[in-house]
Structure formats: structure tokens, C-alpha cells
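Architecture at a glance
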Amino acid sequence: MKKKLLIFAFLLATGATIIYFYMYKEHRNIATETADYTITVPDLQKEFLINDNVAYQKYQDKTIQIIGTISSTDDTNKTIIVDDKLLATFLDKLSEDLVVGKQITIKGRFLGYDDLVEEFKIDQATVVE
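Please read all numbers here as calculations on a predicted model, not as lab measurements. All residue numbers here refer to positions counted from 1 along the written sequence of the relevant chain. Totals for whole chains, interfaces and linings use all residues, but because this is a predicted model, local features are given only for residues with pLDDT of at least 70 and pairs of side-chain atoms are given and counted only at 80 or more. Each side-chain value is derived from all of the structure's non-hydrogen atoms; neither hydrogens nor water enter the calculation.

1. Regarding the nonpolar core
We define the nonpolar core as a collection of buried residues of types Ala, Val, Leu, Ile, Met, Phe, Trp, Tyr and Cys that are connected through side-chain atoms lying within 4.5 Å of one another. Exposure categories follow from relative accessible area, calculated using a 1.4 Å probe and restricted to protein chains: below 20% of the type maximum is buried, above 50% is exposed, and the middle band is partly exposed. In this structure, Ile80, Leu86 and Ile106 are the most contacted members of the largest nonpolar core, which totals 23 residues. Secondary-structure elements contributing two or more residues to this core are helix H2 (41-50), helix H3 (52-59), strand S2 (63-74), strand S3 (79-82), strand S4 (86-90), strand S5 (103-114) and strand S6 (119-127). Examining the composition of this core, we find that four residues originate from one element, S5, more than from any other. Contacts were defined at the residue level, with two residues in contact if any of their heavy atoms lie within 4.5 Å. Setting aside residues no more than four positions away along its own chain, Leu86 makes contact with Val41, Ile66, Ile80, Ile81, Ile106, Phe120 and Ile122. Counting from the N terminus, the helices are DSSP H or I runs at least four residues long and the strands are E runs at least two residues long.

2. Things to note about the packing of H2 against H3
The convention used is that axes are lines fitted to C-alpha atoms, helices contributing only their stretch in contact, and that angles between N-to-C directions extend from 0 to 180 degrees. It is the contact of H2 with H3, at a shortest axis distance of 5 Å, that shows an interaxial angle of 130 degrees. Regarding the angle of H2 to H3, the classification is oblique. The segment H2 lies against H3, with Leu44, Glu47, Phe48 and Ile50 engaging Asp52, Ala55, Tyr56, Lys58 and Tyr59. Three classes are used, and their members are as follows: Ala, Val, Leu, Ile, Met, Phe, Trp, Tyr, Cys and Pro are nonpolar, Asp, Glu, Lys and Arg are charged, and the others, Gly among them, are polar. Residues belonging to the contact of H2 with H3 are distributed by class as follows: six nonpolar, no polar and three charged. These descriptions rest on fixed angle ranges, namely under 35 degrees for roughly parallel, over 145 for roughly antiparallel, 65 to 115 for roughly perpendicular, and the rest for oblique.

3. Some points on the pairing of S2
Two elements, strand S1 (residues 37-40) and S2, share four bridges in a ladder whose sense is parallel. Bridge assignment links Tyr37 to a residue of S2, and that residue is Ile64. For two strands to pair, DSSP has to find at least two bridges joining them. In terms of strand pairing, S2 meets S5 through seven bridges, oriented antiparallel. Each residue of the ladder has a partner; that of Ile66, found in S5, is Ile106. Here S2 runs beside S3; their pairing, made up of four bridges, is antiparallel. The residue bridging Ser72 from the neighbouring strand is Ile81, located in S3. Hairpin connection of S2 to S3: four residues between the antiparallel strands, including Lys78 at a positive phi of 55 degrees.

Structure below.
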């Protein structure tokens, strides 16, 4: 009886440990990841116009690098808009040198495309130097 109780306790502890590490795994650090794709906003838009299902499968939740020109900035929400079509949300406060009209390369996690306002979205954005 003691042996069965010990085996049950061991299996229960092992199962709880596996579930804990599965549920609380480390978050991705997009800033340190290598970009899966480097693309401009117009090229990204073309891919979504050709076949949005294929484009979603290709880019969804991937780390991408975007090359474009800053259209607007919002310090309060830590966001910038690139080429009037891409909304990039930064984790940290926006740098002083992010000004409208500046050519920029940013890296972030691709969230999706909002076809209602025709806008792409990325988060965890960082400036690539």
C-alpha cells in the first residue's frame, strides 16, 4: 500500500511539474531574435492583395523587419505609423530621433492586417541600426 501511494505521489508531482513548465514558459524576446523576413510596406501590401491567406500563413506571429518612412508618431501610446500603412507598437518610450519623414528599419512581431482600415500591425517593435 505504501509503495502504491509513493508511486502515485511521484506521478502526481511529475505531472504537476510538466504542466507548470508548459504553462509558464519564457516569453519571446523579439529584439534578440533574427528576423524571418525583411520587406517594405508596399511589398507586404502586394503580397496580401495577391493572396491574403498565404500571406497570413507566411508572416503571422513571425519576426519581421520593415523598411519605410515614418508617417506619424504617438509618444503616449508608444506607436509610430510607417508609410501610412503599418502601425508599430514599441515596448519602451519612443526615441527622440524618431521623427516624421525619417527613413527607418524596424523589427517586430507581425500581428496581422486590418482590412477595414487597410493597416498592418506589429508589436514589440525595435529600431534596427
